[in-house]
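Here is what each chain is made of, one letter per residue.
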Amino acid sequence: MRRMAQSLPQPTARLRFAWWEDVDQALARALYSNVKVTELIGGPFDDAQIAGRLAEQRRTRSEHGIQYWPIFLSETNSFVGCCGLRPR
């Protein structure tokens, strides 16, 4: 399998993007266990489902060089959610 080039979206004055890593389980749990955040995508999700979603994002990064990136406030480094791309 060919590895894709990986680059993060450029930061803005307010926000910066990162890659999901295995150590981000708590951030993923805060996002994917939230009823309001996940109501349109079949959630909230339990810990096993969240671990699966995190693994899927890391696999998508490895295979396609993209993912739903975690987003942080540049000034405080506070986690604000995620957005990104999915392969077709």
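Scope of this entry: the structure provided in the associated data block. (Residues numbered from 1 in each chain as written. Predicted model: local features only at pLDDT ≥ 70, side-chain atom pairs only at ≥ 80, totals over all residues. Heavy atoms only, no water.)

## A closer look at the packing of aromatic side chains
What characterises a pair of aromatic rings is the spacing of the ring centres plus the angle enclosed by the ring planes. This model, assessed by the stated rule, comprises five aromatic pairs. Pairing Tyr-32 with Phe-45 gives two aromatic rings, centres 6.2 Å apart and planes at 75 degrees, and the pair type is edge-to-face. Of this pair, Tyr-32 sits in helix α1 (residues 25–32) while Phe-45 sits in the loop between α2 (35–38) and α3 (47–64); the two residues are 13 residues apart in sequence, bridging distant segments of the chain. Exposure class is identical for Tyr-32 and Phe-45. Each is buried. (Phe/Tyr/Trp six-rings, centres within 6.5 Å; stacked < 30°, edge-to-face > 60°. Helix = DSSP H or I, 4+ residues; strand = E, 2+ residues; numbered from the N terminus. Buried < 20%, exposed > 50% of the residue type's maximum accessible area, 1.4 Å probe, protein only.)

## Regarding unusual backbone geometry
Cis geometry marks the peptide bond from Gly-43 to Pro-44; its omega dihedral reads 5 degrees. Turning to its location among the elements, Pro-44 is positioned in the loop between α2 and α3. Of note in the backbone geometry, Asn-77 takes a positive phi value of approximately 65 degrees without being a glycine. Relative to the helices and strands, Asn-77 is located in the loop between β2 (68–73) and β3 (79–84). Judged by its relative accessible area of 43%, Asn-77 falls in the partly exposed class.

## Description of the pattern of salt bridges
A full pass over the atoms with the stated rule returns four salt bridges. A salt bridge links Arg-61 to Glu-21, with the shortest nitrogen-to-oxygen separation between them at 3.1 Å. Within this pair, whereas Arg-61 is found in helix α3, its partner Glu-21 is found in the loop between β1 (15–17) and α1, the two being separated by 40 residues in sequence. A residue is classified by how much of its surface remains accessible, and Glu-21, at 29% relative accessible area, is partly exposed. Across the salt bridge formed by Asp-47 and Arg-29, the nearest N and O atoms sit 3.0 Å from each other. Remark: Arg-29 occurs in helix α1 and Asp-47 occurs in helix α3; sequence separation between them is 18 residues. Overall, Asp-47 belongs to the partly exposed group, its relative accessible area being 44%. (Salt bridge = Lys/Arg side-chain N within 4 Å of Asp/Glu carboxyl O.)

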